[in-house]
Amino acid sequence: MAENTQYIRKLSENWARSGVNSGDLLLVHSNIKRTLVTARLEGVQLTPDNILDSFLDCLGSSGTLILPLFNFDFLTKKKFDIRNTSSQMGALTEVARKRHGVVRTGHPIYSFAVLGKEKKMFDGVVNESGYGEDSPFGLIHKLNGKISSLDLEDQNSMTFYHYVEESLRVDYRYFKKFEGIYTDKFGNEDMRKFKLFVRDIERNVLTHVNPAGELMWKNGLYCGNRPKEKSGLRTVEAKKMYDFVADLIKNGSAEGNLFVYGDSK
């Protein structure tokens, strides 16, 4: 256990070198496999709970940690239970969902686990649109939060791009409604409607955001390490990312940087 405690501190220091500061409000997307393997090779049997603790340690008592609990079953099974529906975003997010005192936001597809100082600001958030201004993405933007990605490319992690796209109502996406049985935190069931700002599949639109990520590296927005290098964690300020991506869209540079048409990729 002492080894784990020391390693948690080591990870905390790694995150700090990658742009995470005490007191931050931080959204983390993650693939923790390499972190676990690296620890094992160093003789430490690390757990997902330990990694969660390392982020909380780095953020301190004045910080707030947010993890995605995205689950896409509502699209087909038409059911969501905020108390029990699992996360499909990996082991770190599942231990966060089950952590004592966690707040879970209420969109049935794009929900989040929130721990730390500002978690009450997310309590009761049940946004109709997954990427809407009243969503956790919007709160992260308004509260000058940060977004980190651990060992994942932008294409497989940075959902905040879609928040910017919805905010500006890009013409290559549209609102699609979904309805299903929704169970709230008190166990009450009813039929509810939600929506997502989805890509236009009839026009063969494909999400293709890695080029925008490269531009954010080039322009100094990302701090930290690329996937699979050193800590594997990179961090960006949500407001700076919003402004940068919004400029790409407004300047007519979304195609090729945020999306492509299927026959042109």
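Presented here is an overview of the structure given in this document. As the structure is a computational prediction, the values presented were derived from the model and not from experiment.

Once that is clear, we can look at the pairing of strand S11 (residues 233-237). Moving residue by residue along a regular strand, the side chains alternate between the two faces of the sheet. The buried fraction of S11 amounts to four of the five residues, a majority that puts the element mostly inside the structure. Two strands pair when backbone bridges link them, and strand S6 (residues 146-150) and S11 are joined in this way by five bridges, in the antiparallel orientation. Following the sheet pairing, Leu150 is matched in S11 by Leu233. Across two bridges, the pairing between strand S10 (residues 223-224) and S11 is antiparallel.

Next up on the list: the pattern of salt bridges. A side chain with one charge may pair with a side chain of the opposite charge, provided their charged atoms come close. As enumerated under the stated definition, the model contains 18 salt bridges in all. When the shortest N-O distance is used, the salt bridge between Asp123 and Lys185 registers 3.6 Å. Pair noted here: Asp123 is in the loop between strand S5 (112-116) and helix H5 (136-142) and Lys185 is in the loop between strand S7 (173-183) and strand S8 (189-199), with a separation of 62 residues, a long-range link. Given a relative accessible area of 41%, Asp123 falls into the partly exposed group. In this structure, Arg203 engages Asp200 in a salt bridge whose closest nitrogen and oxygen atoms are separated by 3.9 Å. Looking at Asp200, the relative accessible area reads 14%, which means it is buried. Ionic contacts of the salt-bridge type, sharing partners, join the residues Arg9, Glu13 and Asp57 into one network.

Right, let's talk about the environment of Val44 for a bit. Looking at where Val44 falls in the secondary structure, it is placed in the loop between helix H2 (33-41) and helix H3 (48-59). We classify Val44 as buried; its relative accessible area is 6%. With 201 residues separating them in the primary sequence, Val44 and Val245 have C-alpha atoms 40 Å apart. Those residues within four positions of Val44 in sequence are excluded, and the remaining contacts are Glu3, Asn4, Tyr7 and Ala39.

A few words now on the sheet that holds strand S2 (residues 64-68). Ordered by their spatial adjacency, seven strands build an open sheet running S4-S5-S2-S1-S6-S11-S10, and the pairing between neighbours is mixed. What marks the edges here is a single partner per strand, and that holds for strand S4 (103-104) and S10. Where strand S1 (residues 25-30) lies against S2, three bridges are found, and the strand directions are parallel. Bridge assignment links Leu26 to a residue of S2, and that residue is Leu65.

We now examine the side chain of Asp184. With respect to the helices and strands, Asp184 occurs in the loop between S7 and S8. Here the side chain of Asp184 touches Phe186 through a polar contact of 2.9 Å, landing on its backbone nitrogen. Every residue in contact with Asp184, bar those within four places of it in the chain, is listed here: Asp81, Ile82, Arg83 and Arg192.

Right, let's talk about the packing of aromatic side chains for a bit. All told, the structure shown has 16 aromatic pairs when counted by the stated rule. For the pair Phe70 and Tyr110, a centre-to-centre distance of 4.5 Å together with 75° between the ring planes defines the contact as edge-to-face. Note that Phe70 is positioned in the loop between S2 and strand S3 (79-81) and Tyr110 in the loop between S4 and S5, a separation of 40 residues in sequence. An identical accessibility class is assigned to Phe70 and Tyr110; each is buried. On the numbers, 5.0 Å between centres and 55° between planes, the contact of Tyr110 with Tyr131 is tilted. Highlighted residues: Tyr110 in the loop between S4 and S5 and Tyr131 in the loop between S5 and H5, separated in sequence by 21 residues. Ring pairing ties together the aromatic residues Phe70, Phe72, Tyr110, Phe112, Tyr131 and Phe137, which thus form one cluster. Sitting over the ring of Phe175, Lys195 keeps its end group 4.3 Å from the ring centre. The ring of Tyr222 carries Arg234 above its face, with NZ or CZ at 5.0 Å from the centroid.

It is worth spelling out H3 at this point. Across its 12 residues, H3 extends 17 Å between first and last C-alpha, which sits within 8% of the 16 Å expected from 1.5 Å per residue. Every buried residue of H3 is accounted for by Asn50, Ile51, Leu52, Ser54, Phe55, Cys58 and Leu59. Downstream of H3 by a residue or two, Gly60 has a phi angle that is positive, lying close to 75°.

Read from one edge of the open sheet, three strands run S3-S7-S8, paired in mixed fashion. Only two strands of the sheet have a single partner each, and these edge strands are S3 and S8. Each adjacent strand pair in this sheet contributes to an overall mean axis angle of 45°, direction not counted.

Turning next to unusual backbone geometry. Even without being a glycine, Arg169 presents a positive backbone phi close to 50°. Structurally, Arg169 can be placed in the loop between helix H6 (160-167) and S7. The phi dihedral of Asn204 is positive, around 60°, even though this residue is not glycine. Of note, Asn204 is situated in the loop between S8 and strand S9 (205-207). Take Asn204: its relative accessible area is 38%, and that puts it in the partly exposed class.

What counts and how
- Residues numbered from 1 in each chain as written.
- Predicted model: local features only at pLDDT ≥ 70, side-chain atom pairs only at ≥ 80, totals over all residues.
- Heavy atoms only, no water.
- Buried < 20%, exposed > 50% of the residue type's maximum accessible area, 1.4 Å probe, protein only.
- Helix = DSSP H or I, 4+ residues; strand = E, 2+ residues; numbered from the N terminus.
- Pairing = 2+ DSSP bridges.
- Salt bridge = Lys/Arg side-chain N within 4 Å of Asp/Glu carboxyl O.
- Contact = heavy atoms within 4.5 Å.
- Polar contact = N/O pair within 3.5 Å; in protein donor to acceptor, adjacent residues only side chain to side chain.
- Phe/Tyr/Trp six-rings, centres within 6.5 Å; stacked < 30°, edge-to-face > 60°.
- Lys NZ or Arg CZ within 6 Å of the ring centre and 35° of its normal.
- Expected span 1.5 Å × (residues − 1).
- Axes fitted to C-alpha atoms, helices over the stretch in contact; angles between N-to-C directions.

That's the geometry; what it means functionally is another story.
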